[in-house]
Structure formats: C-alpha cells, structure tokens
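# Coordinates in review
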Amino acid sequence: AQKITQTQPGMFVQEKEAVTLDCTYDTSDPSYGLFWYKQPSSGEMIFLIYQGSYDQQNATEGRYSLNFQKARKSANLVISASQLGDSAMYFCASQNFVFGPGTRLSVLP
Amino acid sequence: DAGVIQSPRHEVTEMGQEVTLRCKPISGHNSLFWYRQTMMRGLELLIYFNNNVPIDDSGMPEDRFSAKMPNASFSTLKIQPSEPRDSAVYFCASSIQGQRGEKLFFGSGTQLSVL
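Figured I'd write up the structure that's included with this text. Everything numeric here is computed off the predicted structure, so don't read it as measured data. (Residues numbered from 1 in each chain as written. Chains lettered and ligands numbered in written order. Predicted model: local features only at pLDDT ≥ 70, side-chain atom pairs only at ≥ 80, totals over all residues. Heavy atoms only, no water.)

### Some details on the interface of chain B and chain A
Chain B puts 15 residues into the contact, and the matching count from chain A is 15 residues. Carbon and sulfur atoms make up 60% of the surface buried where chain B meets chain A, a total of about 1,400 Å² over both sides. Across the chain B-chain A interface, the total number found is 0 salt bridges. One can count 3 residue pairs in polar contact (both at pLDDT 80 or more) joining chain B with chain A. (Contact = heavy atoms within 4.5 Å. Buried area = accessible area lost by both parts, 1.4 Å probe. Salt bridge = Lys/Arg side-chain N within 4 Å of Asp/Glu carboxyl O. Polar contact = N/O pair within 3.5 Å; in protein donor to acceptor, adjacent residues only side chain to side chain.)

Here it is in structure tokens:
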C-alpha cells in the first residue's frame with residue numbers, strides 16, 4: 001500500500017526562525033502529488049500547499065514553501081519566520097487521499 | 001460561502017446504540033470523503049463518493065459502519081451498533097471532482113464518544 005512517512009512526531013522552533021517538516025511518499029507511480037494540511041488545536045483541517053511531481057518549480061504560498069525532491073519522493077514543508085500561531089499538527093497527504101501520521105510543531109516565544 | 005457542514009459537533013452515546021453522523025458538502029463539489037481520526041491510527045479514509053456513488057469503501061472498518069449519499073448535498077455515516085472503540089473524531093471533506101491533485105475542504109468534525 002502506498003504510504004506517507006513523516007519521521008518527526010514533534011518539532012520545536014523558536015519564534016521568527018524557519019523550520020522544515022519532513023514527508024516522504026512510498027509509491028511506484030512517477031506521477032504523484034503531495035499536500036500539506038495544518039490542524040490547529042481547534043481541530044479544523046486547513047489546506048496549506050500542494051506540489052505535483054512534474055511541477056518544474058518548488059511550490060510557495062506565503063511563508064510556506066516545499067523542498068520537493070522527486071528522486072527521493074519527498075516534499076518537505078518549510079515554514080519561514082515562524083509565528084506562535086503556527087503551533088499545530090501538520091499532515092502530509094497523497095493525492096490518493098492518504099494522510100501521514102503528522103508532526104506536532106510547537107513555536108516557542 | 002458556506003464550507004462543509006457537519007452535525008452534530010459532539011455526540012455521546014452508549015455502547016450498542018445507533019449513531020448517525022451527517023455532512024453537507026460545499027455546493028458544486030462532486031466528491032465527498034469520510035475520515036476518522038484517532039490518536040492511535042491517525043487520519044483514516046473510510047469511504048469516498050464521486051457524484052453520489054461510493055468509489056472506495058475499503059477503509060470502512062466493518063459491517064457496523066455504513067455510509068450513504070442520497071443526493072449531491074447530503075451524506076450520512078451510520079454506526080450500528082456502536083462500540084467504545086468507535087470513539088474518534090469523524091471528518092467529512094469535499095472536493096470539486098475528487099481528481100488527483102485536488103485539495104480537500106474539511107468540515108469541523110464530529111467528536112464521537114461511545115461509553
């Protein structure tokens with residue numbers, strides 16, 4: 001079965017610093033895409049960013065960007081200039097609607 | 001513009017009772033997904049519909065779980081009989097066509113507690 005791996009159960013980052021959250025996708029399909037969603041403590045799931053394997057450039061959305069490495073089948077989420085409100089669970093998901101286990105990010109003041 | 005609407009927000013029931021969770025997808029979205037979230041198993045896809053037709057129900061845990069989508073604007077997830085291990089947050093999500101590469105829009109979830 002295709003599997004999403006997020007190796008960091010929890011991460012800490014100092015406010016205003018950048019942080020990278022890891023995601024790799026176990027698939028034999030050369031055409032794939034990976035999503036990132038944020039789940040704050042309030043519980044809702046919020047779409048952040050997406051990139052497909054044939055996209056030429058790394059995706060960016062405001063302070064969010066992807067470090068996409070096609071050969072490794074990874075799409076690491078980079079959050080720049082962390083804010084206290086970034087404290088949340090972050091989930092990587094495949095375009096086949098499968099989610100990884102998530103990474104809990106805590107931003108320290 | 002209303003998002004995905006789920007009801008109830010919270011449900012507390014006793015083991016053996018029937019539980020029905022409801023979802024209204026975003027108008028114009030043709031695909032609907034049901035997920036279950038627990039600490040132990042994370043987010044699990046239970047079933048998804050495209051144009052009201054179930055496409056993949058391989059994630060439905062067992063026969064006690066059933067899902068229906070009688071029309072484009074309404075879906076239910078039913079558990080009968082409920083068991084304590086069904087306690088979880090159940091999310092409904094929708095997307096425009098359920099195609100690869102489309103993001104999901106999630107509802108606020110239903111927190112189910114089975115005593």
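### Concerning the pairing of strand E8 (residues 74–79) of chain B
All names here are of chain B. Where strand E3 (residues 19–24) and E8 come together, 5 bridges link them in antiparallel fashion. Bridge pairing in E8 links Val 19 to Ile 79. Across 5 bridges, the pairing between strand E7 (residues 65–71) and E8 is antiparallel. Across the sheet, Asn 71 pairs through a bridge with Phe 74, a residue of E8. Taking the residues that link successive antiparallel strands as the turn, the E7-E8 hairpin has 2 residues. (Pairing = 2+ DSSP bridges. Helix = DSSP H or I, 4+ residues; strand = E, 2+ residues; numbered from the N terminus.)

### Describing the sheet that holds strand E11 (residues 103–108) of chain A
Strand pairing in a sheet relies on backbone hydrogen bonds, with the paired strands running either antiparallel or parallel. Residue and element names in this part refer to chain A. Within the open sheet, the 5 strands sit side by side as E2-E11-E10-E5-E6. Their pairing is mixed. With partners counted over all chains shown, the strands left at the sheet margins are strand E2 (10–14) and strand E6 (46–52), one partner each. Along the sheet, successive strands turn relative to each other by an average axial angle of 25 degrees, direction set aside. Two elements, strand E5 (residues 33–39) and strand E10 (residues 88–94), share 6 bridges in a ladder whose sense is antiparallel. In the strand pairing of E10, Tyr 37 is matched with Phe 91. (Axes fitted to C-alpha atoms, helices over the stretch in contact; angles between N-to-C directions.)

### Topic: the pairing of E6 of chain A
Residue and element names in this part refer to chain A. Pairing of E5 with E6 involves 6 bridges; the strand directions are antiparallel. Pairing of Trp 36 across the sheet is with Ile 49, part of E6. Turn length for the E5-E6 hairpin, with the two strands adjacent in sequence and antiparallel, is 6 residues, and the turn residue Gly 43 shows positive phi of about 105 degrees.

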